[in-house]
Every structure is written in structure tokens, then in C-alpha cells.
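Close look at the chain arrangement
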Amino acid sequence: MKKIAFSIRGTDLTAELDPRFGRAEQFLIYDLDQQQFSLIENQQGRSAAQGAGIQAAETIVRAGVDTLVTGHCGPKAFKVLEAAGVVVYNCSAATVQDALQQLQSGTLSQAGSADVEGHW
Amino acid sequence: MATKTQDRAVRIAVASGKGGTGKTTVSLNLAAMFGEPVQLADCDVEEPNVNLFLRCSTLKNQPVYMQVPEMDPDLCTGCGQCGLICRFRGIISLGTRALVFPELCHGCGGCALICPNSAITEREHKIGNVAVCQSGTIRLVEGRLEVGVSLVPPVVRAVQDQLADDLPAILDAPPGTSCPVVATLRTADYVLLVTDPTPFGLHDLKLAVAMVRELGLPCGVVINRAGDDQVGLRRYCEDQGLAVLLSLPDDRQIAQVTSKGGLVVEALPGYAGMFAELAQRLRQEISGNGGRP
């Protein structure tokens, strides 16, 4: 685990964790080694008529992440993430900070499949 | 510009912005009073209902297929070119073997063409069916989208492919102003816009008129459930130079006949003349190129 993507509403580590993955406002990419973060807008995913999850998955895979922490992840997005080797964690924490803490303390369990249907 | 194609009979689309204005009622009764053999195309393939009124037995069923990609894992190198060319995320490859999502594919075939390793072939994926049947002087061509499929325009085009060139056709369009409607209007020579005198009806008529003008098609208006015009519908039509070709009164009997699957012109002969006159006025409009914006 080196680079983690969080689906968020906000602009920093205090940002709210967005329960949606495909249509999340943006992604916070946290680099564990550097202890730094960057932001990627999910413009293409949000504006996609269909296949938002696939688009969002592509966006974070291209950003080089190996881990995703989000609220829910649908079947198409999960398939793309799984193929690209990104480990998915479903999380209901309120903020990125809380989610990161839960992830690092090992209280989150890895998702083995999509946890919602498409278009939930 | 859509102009009447020389080598085929006229095609009249019956459209609306708002749903439930009476497109199917107008299409059916116009077809019944057309005065000559006519085709009636049910282009509302997401919920075709013309057949409920004609009760004819099917002469022909034509399945509608779309080509979707199939990837050979032994040949795919994960180069990613297929995913880059796909606008709809029907196929994606991020350094790994391509993943195919047939439900998002629009069947363009771009991925199969661009694949440098010939790892992608196309297979047929059924997306709908077109049924052809005959009821008296009306030849019905009905499109029906497969359950679970959301790609409508190819099925609408398949309906039009089954229309005979030597017979005039009435195209019963889906409501709205989106792709399925545009696909219906593409082969039309004239558009009949059905509306009702409600604020919604007028609002959506304006959208429909804008769409028809964008497509460069002539159009006329049918006012259904006409009564006191409290929304300025007629004034709008006058201002826009839109001919009102028929005004059907707000008559409970029409609703009763329609709810039982009957034709208004048969059950209520008083209306037969109105629809015959509509057919006549349409011929004049089309031959005189009237209503062209």
C-alpha cells in the first residue's frame, strides 16, 4: 500500500468522504511514503451519461493508486479496479482523516466484490 | 436538409415534446382515414402500443442485433488502444487485458479496427425486434427494445429499414426531444406535432418546434383535448407561423374508446371526417412545402 485514493467532497484531509465512487466530486490521492496528498477532479466521471464508475476507476488507476477507500463501489467499477490490481475498501467514516486512520489501524476490511448494484 | 426523397413515398412523423398528448391516437386514426394503403411505424420502441389497437397477426419478425466486441485473452497485450478510442467505456484496458462492457457499447466497431493484435472480434448482441403485420389497409411495423437494453436509436432505425419505399408511412415517434425522437425524424418528410393546451404541453411544444427546426423539417400542429386555450397555445402557433391542422375537442368519449383499444374514427363516426380532412391538409402542406420554417 503506497498510494491511496479517497472519494471526497472538499479539498483537504478534513474533507467529507463521498459515499459515491463513480460520481464523487473529486479524489484525494494520499502518498503514504511522502505523507502528502494531491487532488484530482472527477470531471469526466461526473459528466458521463453512463459508465461513470468505469471512468472514475480509469482516472484513479492512471493516477497510479494501489488502494481505494470509498463509500460504495458498483460492479463495473469494481471489475476495472480489480483488473488493475487496486484494492478496494468500503468505509463509512465521516472524513478522510478518520478513514485514513481506520485504514492504517487495520479496522477496514478489503472488499471482495462490489457492495452495491450499478446506479445505486 | 431533409427534403422529400424522390424515389420513395412520403413519411410523416407524429411527435410531441410532452408525453401523453395523443401521438398514438392521432397516428392510428390518421392511418385509418388516410384514403389509401399506408404504413404505420411504431417507433416508440421502449413501449410500443400501436399493436394493441390493430390486433393483427404477425407476418414477420426480424431480430435487431448490434455488434459488440469480444476479446481473445491469448492475443490481447493490454496496450490500451481499444479503451482510448471508445467514447462510451464499452471496453477498457489499463495495462491489463481489455475488459468489455457490452451494455455500454454503441456498436461502432472502432476497438476491433484499432487493435494492433487482432485480439478483438465482434459478435452479435440482440437489442430488439421488429415485427411486421397487416391490418386492413394498414401495414404495421413495430419496433420493440429488448428488456435490459438502453440503446434505442438502432432499433428505431431497424424499424425504418423494414418500411416499404412505395407506400406512404406514418411514424409514431417516442415523446421528448432526445436521440430516439431524432432517429425517428431523420427519415421523415414532415412532422406533425401533437400537443395539449396545458402549460406543460406548450412548454414542451416549444422544445419540439426548436428540434424540428434544427433538423430543417416542415411541421404542423395538432391540438388534442382542445378547450378554452388558457395558455396562449394558439397565439404561439400564430406567432411562429405554425399551421394548426387539427383541433380535437376534449371529449370524454374519445378517451373511453381509446381505453378499450378502439379506433375513434370507427367507434365515433363523427370524427372520421376530421381525420380524413387532416390527411388531406397534410397532402397539401407537403406538396406545397407549407410549414417549412
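Residues numbered from 1 in each chain as written. Chains lettered and ligands numbered in written order. Predicted model: local features only at pLDDT ≥ 70, side-chain atom pairs only at ≥ 80, totals over all residues. Heavy atoms only, no water.

**A look at the overall build of chain B**
Secondary structure assignment for chain B yields 11 helices and 11 strands. Dimensions along the principal axes, computed over C-alpha positions, put chain B at roughly 70 × 45 × 35 Å. Considering chain B as a whole, with its 293 residues, one finds that 54% of them fall into the buried category. Per element, the accessible surface of chain B, about 13,300 Å² overall, is 49% carbon and sulfur. (Helix = DSSP H or I, 4+ residues; strand = E, 2+ residues; numbered from the N terminus. Buried < 20%, exposed > 50% of the residue type's maximum accessible area, 1.4 Å probe, protein only. Areas by Shrake-Rupley, 256 points an atom, 1.4 Å probe, with all protein chains shown as cover.)

**Brief notes about the domain arrangement of chain B**
Each assigned domain of chain B is listed here: domain 1 (11–36 + 168–287) and domain 2 (67–126). Put simply, the middle of domain 1 of chain B and the middle of domain 2 of chain B, counted by C-alpha atoms, are 43 Å apart. (Domains from an automatic or database assignment.)

**Brief notes about the pattern of salt bridges**
Residues and elements named next belong to chain B. Under the definition given, this model contains 12 salt bridges over all chains. In this structure, the salt-bridge partner of Glu 146 is Lys 126, at a minimum N-O distance of 3.9 Å. Pair noted here: Glu 146 is in the loop between strand 7 (138–145) and helix 5 (153–161) and Lys 126 is in strand 6 (residues 120–135), with a separation of 20 residues, a long-range link. Looking at Glu 146, the relative accessible area reads 31%, which means it is partly exposed. What you see here is one network of salt bridges that share partners, running through Lys 18, Asp 196 and Arg 225. (Salt bridge = Lys/Arg side-chain N within 4 Å of Asp/Glu carboxyl O.)

**Quick word on the packing of aromatic side chains**
A full pass over the atoms with the stated rule returns 1 aromatic pair over all chains. One residue, Lys 79 of chain A, lies across the ring of Phe 101 of chain B, its end atom 4.8 Å from the ring centre. Sitting over the face of the ring of Phe 34 of chain B, Arg 283 of chain B holds its NZ or CZ atom 4.6 Å from the ring centroid. (Phe/Tyr/Trp six-rings, centres within 6.5 Å; stacked < 30°, edge-to-face > 60°. Lys NZ or Arg CZ within 6 Å of the ring centre and 35° of its normal.)

**A word on helix 4 (residues 96–104) of chain A**
Residues and elements named next belong to chain A. Those residues of helix 4 that sit buried are Val 96, Ala 99, Leu 100 and Leu 103. End-on view of helix 4: buried residues confined to an arc of 100°, all on one side of the axis. Among the structural elements, strand 1 (3–9), strand 2 (16–17), strand 3 (26–31), strand 5 (67–70) and strand 6 (87–90) are those in contact with the buried residues of helix 4. Backbone geometry just downstream of helix 4 places Gly 106 in the positive-phi region, at approximately 80°. (Arc of directions from axis to C-beta. Contact = heavy atoms within 4.5 Å.)

**Describing the interface of chain B and chain A**
Between chain B and chain A, the contact holds 12 residues from the first and 13 residues from the second. Counting the surface lost from both chain B and chain A, the interface buries some 1,200 Å², and carbon and sulfur atoms represent 68% of this. One can count 1 salt bridge joining chain B with chain A. Among the ionic pairs, Lys 76 of chain A bridges to Glu 103 of chain B, the shortest N-O distance being 3.9 Å. Across the contact surface, chain B and chain A share 4 residue pairs in polar contact (both at pLDDT 80 or more). The class makeup of the residues in the side of chain B that touches chain A is 7 nonpolar, 3 polar and 2 charged. (Buried area = accessible area lost by both parts, 1.4 Å probe. Polar contact = N/O pair within 3.5 Å; in protein donor to acceptor, adjacent residues only side chain to side chain. Nonpolar A, V, L, I, M, F, W, Y, C, P; charged D, E, K, R; others polar.)

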